[in-house]
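# Geometric and topological summary
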Amino acid sequence: MKQNPFLAVDILTADQFTKENLQLVVRTVKDMEKLVLKKGANDILKGKIMTALFYEPSSRTFGSFITAMQRLGGGFIPLQGVTYSSVSKGESLPDTVRTFANYSDIVVIRHPEVGSAKIAAEFSSKPVINGGDGVGEHPTQALLDFYTIINHFGKIAGLTITMVGDLLNGRTIHSLSRILSQYNGVKLNFVSPKLLKLPSELKSRLELHKIIIYECEKLSEVLSDTDVLYITRVQKERFTDLGIYEKLKHHYIITTDVLKNAKKTAIVMHPFPRVGEISMDVDNDKRALYITDQMRNGMYVRMALLKLILLP
Ligand code: CP
């Protein structure tokens, strides 16, 4: 690949990441990791400004984008919870995005509505990164999840990856499965209560690829064959009937006892926040990567993306 395909490009969906351009992303992420471990920071993005426009709560996406920009010498406009911006006076998304595109070089947006990042990109004069649009997608999380898996195993093809929990509303699942489905021979298990199954439209899209898909309700059916156990929380904020949420919220709880039936070589991931799906005693299991590699990779991946989008 001769040119940087991400230069000045919006990142709206995980479908933009192909097997070919993912090689460039992986190389750049490794460079960023080396940079942070050796020197902590540099100034390649000095003079560049990122707006972090977050209409929904966030710890990891917001925090890692901010630190990613700082570690590369850039500045940022932090808008987390938009209470103190003119959004609280009723300003529209297009007007808000156009405003901050005037002040900065790139806009990262998180918004509760599916398609909001695409709308933002249509109105923005600067590149837009989707930091999560409702129950739609979360492409940068998918990238860090993908990187965590490939960095650990050195491959994707041939792995059995089991995604558990709220597959209907979990945007990280939607985006990650889109990336993984490009790799022949990968097996994706989707484990959820019946009410929280993967959206049928996404399942149909995945089925177009040469991968194996298996859906079930019991984790015990697939756990012993699993290489990557990817747990998600049931997303309370997406439920109109909180009674149903209460019934489903702890449908799956990963404990050290549950993990006795998992491979010694398996890894456990979670995009976080967790609200009881993984008991804290699991944190000390060496297979648990969610607080270590997975979170740190979020920073390296976002550094890599900012570099690729902002520099030729
Ligand atoms: N994984 C993730 O998106 O976390 P935050 O909601 O804290 O950003």
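The structure reproduced in this document is the subject of the present report. What you see is a predicted model, and the numbers here were worked out from it, not measured in a lab. (Residues numbered from 1 in each chain as written. Predicted model: local features only at pLDDT ≥ 70, side-chain atom pairs only at ≥ 80, totals over all residues. Heavy atoms only, no water.)

### Things to note about the nonpolar core
With 64 residues, the main nonpolar core has Met 50, Phe 146, Ile 161, Met 163, Phe 190, Met 303 and Leu 306 as its most contacted residues. With 10 residues, helix H10 (residues 293–310) is the largest single contributor of residues to this core. Dropping the residues within four chain positions of it, Met 50 is found in contact with Phe 65, Ile 66, Met 69, Gly 75, Phe 76, Ile 77, Ser 104, Ile 106, Val 108 and Leu 306. In this structure, Val 222, Ala 262, Val 268 and Val 282 belong to the second largest nonpolar core, which totals 18 residues. (Core = buried A, V, L, I, M, F, W, Y, C linked by side-chain atoms within 4.5 Å. Buried < 20%, exposed > 50% of the residue type's maximum accessible area, 1.4 Å probe, protein only. Helix = DSSP H or I, 4+ residues; strand = E, 2+ residues; numbered from the N terminus. Contact = heavy atoms within 4.5 Å.)

### Focus: the pattern of salt bridges
For the structure shown, the criterion picks out 16 salt bridges. Where Glu 56 meets Arg 171, a salt bridge forms, and the shortest distance between an N and an O atom there is 3.0 Å. Of this pair, Glu 56 sits in the loop between strand S1 (49–54) and helix H2 (60–71) while Arg 171 sits in helix H6 (residues 171–180), and the two are 115 residues apart along the sequence. Each member of the pair, Glu 56 as well as Arg 171, carries the same accessibility label: buried. Between Lys 203 and Glu 215 there is a salt bridge, with the nearest N and O atoms lying 2.8 Å from each other. Note that Lys 203 is positioned in helix H7 (residues 200–207) and Glu 215 in strand S7 (residues 212–216), a separation of 12 residues in sequence. (Salt bridge = Lys/Arg side-chain N within 4 Å of Asp/Glu carboxyl O.)

### Section: the site of the ligand
By nearness alone, every residue bordering the ligand is listed as Ser 58, Ser 59, Arg 60, Thr 61, Arg 110, His 138, Gln 141, Pro 271 and Phe 272. Contacts to the ligand include Thr 61, whose side-chain N or O atom sits 2.7 Å from an oxygen atom. Isolated, the ligand exposes 250 Å² of accessible area, and the fraction of that covered by the protein chains is 92%. A domain split of the shell around the ligand shows at least three residues from each of domain 1 (14–138 + 295–310) and domain 2 (139–290). (Near = heavy atom within 4 Å. Polar contact = N/O pair within 3.5 Å; in protein donor to acceptor, adjacent residues only side chain to side chain. Areas by Shrake-Rupley, 256 points an atom, 1.4 Å probe, with all protein chains shown as cover. Domains from an automatic or database assignment.)

### Digging into unusual backbone geometry
The residue after Phe 272, namely Pro 273, is reached through a cis peptide bond having omega 0°. Looking at the element boundaries, Pro 273 is found in the loop between strand S9 (267–269) and H10. Phi at Ala 8 takes a positive value of approximately 60°, unusual for a residue other than glycine. With respect to the secondary-structure elements, Ala 8 resides in the segment before helix H1 (19–38). A relative accessible area of 53% places Ala 8 in the exposed class. You can see Phe 272 is positioned in the loop between S9 and H10.

### A closer look at the packing of H1 against H10
Across the interface, H1 lies against H10 with an axial gap of 8 Å and an inter-helix angle of 115°. In terms of orientation, H1 lies roughly perpendicular with respect to H10. Every pair of crossing elements has a handedness; the one defined by H1 and H10 is right-handed. Together, Leu 24, Val 25, Thr 28, Val 29, Met 32, Glu 33, Leu 35, Val 36 and Leu 37 of H1 and Met 299, Tyr 300, Val 301, Met 303, Ala 304, Lys 307 and Leu 308 of H10 make up the contact between the two elements. Its residues assigned to classes, the contact of H1 with H10 comprises 13 nonpolar, one polar and two charged. (Axes fitted to C-alpha atoms, helices over the stretch in contact; angles between N-to-C directions. Parallel < 35°, antiparallel > 145°, perpendicular 65-115°, else oblique. Left-handed = near helix turned anticlockwise from the far one by under 90°. Nonpolar A, V, L, I, M, F, W, Y, C, P; charged D, E, K, R; others polar.)

### Section: the pairing of strand S8 (residues 228–231)
What you see with S8 is no split at all: Val 228 and Tyr 230 on one side and Leu 229 and Ile 231 on the other are buried throughout. Where strand S5 (residues 160–164) meets S8, four bridges bridge the pair, whose relative direction is parallel. Residue pairing for S8: Thr 162 is matched across the bridge by Leu 229. Where S8 and S9 come together, three bridges link them in parallel fashion. By the bridge assignment for S9, Val 228 is matched with Ile 267. (Pairing = 2+ DSSP bridges.)

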